[in-house]
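# Structural characterization, general
Residues per chain, in single letters:
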Amino acid sequence: MRISYNWIADYVQPGWSADELADRLTMSGLEVESVDQMGRDMTGVVVGHVLDVKQHPNADRLRVCSVDLGDGVPVQIVCGAPNVAGGQRVPVATVGTALHLPDRKDPDTLVPVTLKRSKIRGEESNGMICAEDELGLGDDHDGIMVLADDAPLGRPFAEYLASQGVAVSDQSIDIAITPNRPDAISHIGVARDVAALADVALSRPDVAVPEAGGDAASQVTVEILDPEGCNRYVGILVRGVTIGDSPAWMKSRLESAGLRPLNNVVDITNYVMMECGQPLHAFDFDLLADATIRVRRTNGPEKFTTLDDQERELPVGTLMITDGQRDVAIAGVMGGQNSEVSDSTTNVLIESAWFDPGDVRRASKKLGLQTDASYRFERGVDPTGQAWAAARAAELMRDLAGGTIVPGMVDAHPVRWQPSRVTLRRDRITLVLGVSVPDAEAQRLLNAIGFVTEATDDGWLVTVPPHRPDVEREIDLIEEVARLYGLDRIEEPSHGTVPNARLAPPKPLPLRIRVADRLVGLGYRELYTNSMMRLDRAEQFASAGLRGGEPVGAPVGTLNPISQEMAALRPSLLPGALQVLAHNLNHGQPGLQAFEFGHVFDRHDGGTILPGYREQEHLLVLVSGKDGLDAWSGPAAEASLFEAKGTVEGLLQSLGLGRRVRMNPEPTGSDLTHYHLNVTLDRKSIGTIGAVSPEVAGEFGIEGAVYFAEINFSALVAAIHSSRPVQYQEVSRFPVVERDIAVLVSGGTPVGDMLQAAQRAGGKLLRNARVFDVYEGKGIPDGHKSVAIGMAFGADRTLKDQEVDKAVSKVVKTLSNQFSAELRG
């Protein structure tokens with residue numbers, strides 16, 4: 001939200017610069033994202049009088065103007081604005097004035113330009129008649145600014161603006177408002193915090209709030225048919241308004257807050273909303289059938305055309321504002337085209353209501369329509385502030401639009417706000433903050449932001465104000481004291497005490513931490529990616545190829561997604577990691593070694609937490625590109641499938657699961673993989689190790705090979721818990737007997753399967769088996785390869801050659817039977 005520095009000064013005078021104010025707000029919990037300068041230097045800009053306008057002889061769209069600048073000697077200025085006319089008072093930038101004008105090649109970029117005497121299409125021009133955007137007063141470039149007829153001729157334009165209540169310069173403070181601080185989405189709300197921080201008074205405009213009833217209640221009928229969705233609706237009637245432009249000071253205020261002025265009545269409703277946080281809506285009263293307002297819910301699908309000229313399909317249960325015959329507004333979101341204020345409007349009904357935050361949020365999300373009003377209603381507005389806001393807007397319409405306020409007001413109020421009370425203990429403040437806050441200071445800070453405190457023996461009984469629905473517990477009050485007292489005033493203790501107690505033996509690290517520590521030690525970096533994604537992306541990655549061939553259900557969609565990018569829960573961790581990889585590659589990183597723990601989701605008959613929905617924790621390992629930078633000794637190693645495979649094998653070995661895991665190749669791959677290995681644990685699928693297909697990588701803007709392993713970590717945890725504990729085995733004192741064999745097999749034979757078969761065939765004597773050479777070439781028949789396997793045999797005694805020979809023969813026979821292997825001499 002954007003806050004005007006000059007506007008804040010209407011309510012509180014802390015004596016701080018804009019930058020100091022931004023720092024104080026940030027330290028109090030209202031994070032300031034930027035402080036932007038508004039307005040520009042107007043030295044050399046004066047009020048001029050257009051005496052005469054003639055068509056440019058050499059250009060259809062240009063005019064030659066004679067302009068009096070107050071010295072009695074008219075100057076000639078060439079102007080291209082379509083609205084320039086004789087008799088106007090206008091701002092004129094004289095020769096020598098420096099302005100910041102849009103660059104011709106990039107209109108969003110401003111460049112300094114010093115005005116000089118020049119000829120435009122053959123006609124002399126001595127200055128420039130200015131539009132709003134050329135002076136930094138707005139975005140309007142449709143025509144020149146036309147001033148009031150009584151604007152003093154020749155007076156510096158900056159002085160004229162000041163006389164109209166318009167500051168030549170301002171600072172716009174952009175604050176990131178968290179959802180729990182609806183009280184801060186207004187200038188008075190921010191000023192309330194500033195007053196507490198600076199220990200100065202807060203001043204609100206004096207407004208005469210009328211009593212309910214009177215002539216207004218006899219002319220307008222309000223019925224609330226859904227008190228849960230709307231527990232208060234205030235209406236004030238203003239007759240005889242004249243629609244026109246807002247005064248310059250109000251336009252300036254709205255623009256500094258990021259809003260575009262429209263007309264005086266609409267601008268007033270926006271001004272009051274930005275002032276106090278209560279959204280308002282102005283109806284053309286003459287367009288409301290039967291002078292009636294009803295608040296009701298839709299019973300079925302309906303269509304409604306909003307102020308932005310869009311016909312919208314309304315979901316069932318949408319809270320609507322209707323007149324006697326038809327819908328006229330979506331409650332808390334946007335008004336309707338059929339009752340909007342126009343140039344012909346003379347009578348205005350001001351709506352000021354409280355709508356349920358949940359109802360407004362659902363309607364806004366389902367319709368994909370967020371407005372300044374819905375932004376505030378979703379977070380919760382003050383349930384007692386409706387009458388003040390409506391009365392404030394009515395007085396401004398009387399003063400700025402020439403209207404007459406009909407006495408009284410309509411106040412439908414079926415559910416009244418009840419204050420809550422929370423106990424606050426002084427000892428608890430000290431315990432939580434680690435510093436003793438004086439009683440008087442804690443009480444002053446709470447009182448300054450609207451809390452009412454009643455002293456008790458051990459602290460206070462605090463009444464929570466209506467504008468702070470987020471405060472419910474004692475810890476919330478302590479947070480308020482801490483942020484206003486100053487977190488920077490809570491010093492770190494210089495020393496602490498060591499308890500005189502025996503330390504318990506350290507507990508074993510959780511499995512996830514053990515695995516993460518090992519991966520970090522191997523050079524991997526941990527990722528955290530969003531668990532939501534586009535629905536089409538979720539459907540694409542809901543593949544059995546990423547779960548070791550295990551069937552995968554349909555993706556889980558999200559209700560009322562914030563955007564299409566968050567329409568489904570992820571069925572795999574891989575797409576999020578690919579986005580991270582693409583981001584790193586685009587920023588010049590040569591490669592990535594990363595891992596992520598995260599939950600994946602799909603529809604499943606059994607379900608895990610909810611019937612029909614399955615949630616599992618997965619571990620993803622991803623490698624791509626070079627492992628570091630090239631060095632003098634040689635280029636950095638390129639990532640490979642064996643790097644991902646070796647990482648997983650090492651992890652499983654460290655967890656004691658190595659002998660229970662098999663990795664079965666799928667050389668043809670899948671829609672997502674170029675090729676992959678299906679990983680099984682005790683013959684049950686637990687994941688995949690593979691290479692991402694070039695087509696899928698290209699969809700993410702990735703060039704080059706990408707290798708990954710995605711493992712069902714939930715299954716690993718269950719296997720660890722069901723396995724026997726690891727036991728220490730003494731190193732044998734007897735020597736190991738090593739034997740090597742080389743066998744000839746078909747070129748497509750998986751070497752890993754051969755190694756696992758040899759391990760099983762070797763029996764208890766075979767301590768270890770490894771492949772130390774694979775050869776294809778001279779001396780080897782076409783389509784074949786030679787695989788050399790080294791084996792180490794041992795026992796708790798001295799082995800005999802006959803025992804080892806028997807075990808080796810059994811290995812050779814097994815390889816021959818299963819893989820048609822031939823022993824090489």
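Preceding block: the structure.
Right, let's walk through the structure included here. (Residues numbered from 1 in each chain as written. Predicted model: local features only at pLDDT ≥ 70, side-chain atom pairs only at ≥ 80, totals over all residues. Heavy atoms only, no water.)

## Topic: the packing of helix α12 (residues 439–448) against helix α13 (residues 474–485)
The line we're drawing: Axis definition: a line fit to C-alpha positions, over the contact stretch in the case of helices; interaxial angles, taken between N-to-C directions, run 0 to 180 degrees. Labels follow the DSSP assignment, with helices taken as runs of H or I lasting at least four residues and strands as runs of E lasting at least two, numbered in each case from the N terminus. Just so you know how the angles are binned, under 35 degrees is roughly parallel, over 145 roughly antiparallel, 65 to 115 roughly perpendicular, and the rest oblique. Contacts were defined at the residue level, with two residues in contact if any of their heavy atoms lie within 4.5 Å. For this classification, the nonpolar set comprises Ala, Val, Leu, Ile, Met, Phe, Trp, Tyr, Cys and Pro, the charged set comprises Asp, Glu, Lys and Arg, and every other residue, Gly included, is treated as polar.
Where α12 contacts α13, the axes come no closer than 10 Å and their chain directions differ by 100 degrees. The angle between the axes of α12 and α13 places the two elements in the roughly perpendicular class. Residues E441, A442, L445 and L446 of α12 form the contact with α13, whose own contacting residues are L477, E480, V481, L484 and Y485. Each residue belonging to the contact of α12 with α13 can be placed in one class, and the counts come to seven nonpolar, no polar and two charged.

## Describing a nonpolar patch on the surface
Selection criterion: Residues form patches when they are more than 30% accessible in relative terms and have no salt bridge. Like charges link within 9 Å. Nonpolar side chains (Val, Leu, Ile, Met, Phe, Trp, Tyr) link within 5 Å. Here, Shrake-Rupley sampling with a 1.4 Å probe gives the accessible areas, and only protein chains in the shown set may cover a residue. We define a salt bridge as a contact between a side-chain nitrogen of Lys or Arg and a carboxyl oxygen of Asp or Glu at a distance within 4 Å. For each residue, the accessible area found with a 1.4 Å probe, counting protein chains only, is set against the maximum for its type, and the residue is called buried under 20%, exposed over 50%, and partly exposed in between.
A contiguous nonpolar surface patch, about 260 Å² in accessible area, is contributed by L431, V432 and I475. With respect to the helices, strands and loops of the structure, V432 is situated in helix α11 (residues 426–433). The class of V432 is partly exposed, set by a relative accessible area of 38%.

## What to know about empty space enclosed by the protein
Going by this rule: Using a grid of 1 Å spacing that covers the protein atoms alone, one calls a set of points a cavity when a 1.4 Å probe fits there but cannot get out, and a pocket when the set is open and has protein on both sides within 12 Å along at least five of seven lines; lining residues are those with an atom within 4 Å of a point. Grid points are joined across faces, edges and corners, and a volume is the space filled by probe spheres set on the points.
Per the stated rule, a full pass over the model turns up one cavity of 30 Å³ or more. Lining the largest cavity we find V515, L619, V648, L651, L652, L655, I711 and L716. Here the lining of the largest cavity takes three residues from helix α17 (residues 641–654), the largest share from any one element. Looking at the lining of the largest cavity, its residues break down into eight nonpolar, no polar and no charged.

## With respect to the sheet that holds strand β3 (residues 45–55)
Using the following cut-off: In this scheme, strands are said to pair when DSSP sees at least two bridges between them.
Sheet architecture is open: five strands sit in the order β5-β4-β3-β6-β11, paired in antiparallel fashion. Two strands bound the open sheet, and with one partner strand each, they are β5 (75–79) and β11 (128–129). Examined bridge by bridge, β3 and strand β6 (residues 89–93) share five bridges and lie antiparallel to one another. Bridging across to β6, G48 finds its partner in V90.

## Some thoughts on the environment of D215
For D215, the location among the structural elements is in helix α5 (residues 214–219). When its relative accessible area of 41% is taken as the criterion, D215 is described as partly exposed. Linking D215 and D199, residues 16 residues apart in sequence, is a C-alpha distance of 43 Å. Discounting residues that sit within four places of it in the chain, D215 has contacts with V406 and P407.

## Quick notes on the sheet that holds strand β16 (residues 292–297)
One open sheet accounts for five strands, arranged β13-β16-β19-β20-β21; its pairing is mixed. The open sheet has two edge strands, β13 (221–224) and β21 (334–335), and neither has a second partner. Pairing analysis gives four bridges linking β13 to β16, with the strands arranged parallel. Following the sheet pairing, T221 is matched in β16 by T292.

## Observations concerning the nonpolar core
What counts, and what does not: We call a set of buried residues a nonpolar core when its members are Ala, Val, Leu, Ile, Met, Phe, Trp, Tyr or Cys and they connect through side-chain atoms within 4.5 Å of each other.
Core analysis: the biggest nonpolar cluster contains 55 residues, and L25, I175, I177, V265 and I350 have the highest contact counts within it. At 10 residues, helix α10 (residues 386–401) tops the list of elements feeding residues into this core. The residues contacting L25, other than those within four sequence positions of it, are L30, V32, I175, V190 and V194.

## Quick look at the layout of surface pockets
Over the atoms a probe the size of a water molecule is rolled, and this reveals where empty space is left. Taken as a whole, the second largest pocket spans an internal volume of roughly 1,200 Å³. Along its surface, the second largest pocket is lined by 42 residues, and E132, L137, M145, K251 and E255 are the ones closest to its centre. Those elements giving two or more residues to the lining of the second largest pocket turn out to be β2 (31–38), α3 (157–163) and α6 (248–256). Taken together, the residues of the lining of the second largest pocket sort by class into 18 nonpolar, 12 polar and 12 charged.

## A closer look at the pattern of salt bridges
Using the criterion set out here, one finds 38 salt bridges in the structure. Where R444 meets E441, a salt bridge forms, and the shortest distance between an N and an O atom there is 3.3 Å. Pair noted here: R444 and E441 are both in helix α12, with a separation of three residues, about one helical turn. Residue class for R444 comes out partly exposed when judged on its relative accessible area of 22%. Accessibility expressed as a relative area gives 22% for E441, which makes it partly exposed. Note that R614 is salt-bridged to D602, the shortest N-O span being 2.7 Å. Here the residue R614 occupies a position in strand β32 (residues 613–625), and D602 occupies one in strand β31 (residues 591–603), the gap between them amounting to 12 residues. On the basis of relative accessible area, R614 is assigned to the buried category, the value being 7%. When its relative accessible area of 1% is taken as the criterion, D602 is described as buried. Several salt bridges converge on common partners, so that one network encompasses R181, D183, D193, R468, D470, E480 and R483.

## What to know about the packing of aromatic side chains
Basically, it comes down to this: Centre distance within 6.5 Å is the pairing criterion for rings of Phe, Tyr and Trp, where only the six-membered ring of Trp is used; planes under 30 degrees apart are then read as stacked, over 60 as edge-to-face, and the remainder as tilted. Look at NZ for Lys and CZ for Arg. If either is within 6 Å of the ring centre and within 35 degrees of the ring normal, a charge sits over the ring.
Scanning all chains against the criterion turns up seven aromatic pairs. With 6.2 Å between their ring centres and 75 degrees between their planes, F541 and F700 make a pair best called edge-to-face. Taken together, the residues span a long stretch of sequence, with F541 in helix α15 (residues 535–541) and F700 in the loop between α18 (694–699) and β36 (706–712) at a distance of 159 residues. Assigned by exposure class, F541 and F700 land together as buried. On the numbers, 6.0 Å between centres and 85 degrees between planes, the contact of F595 with F597 is edge-to-face. With respect to class, F595 is no different from F597; both count as buried. Taken together, the ring pairs connect W7, W249 and Y271 into an aromatic cluster. It is R204 that lies over the ring of W388; its NZ or CZ is 4.3 Å from the centre. Lying over the aromatic face of W460, R426 brings its terminal NZ or CZ to 5.6 Å of the ring centre.

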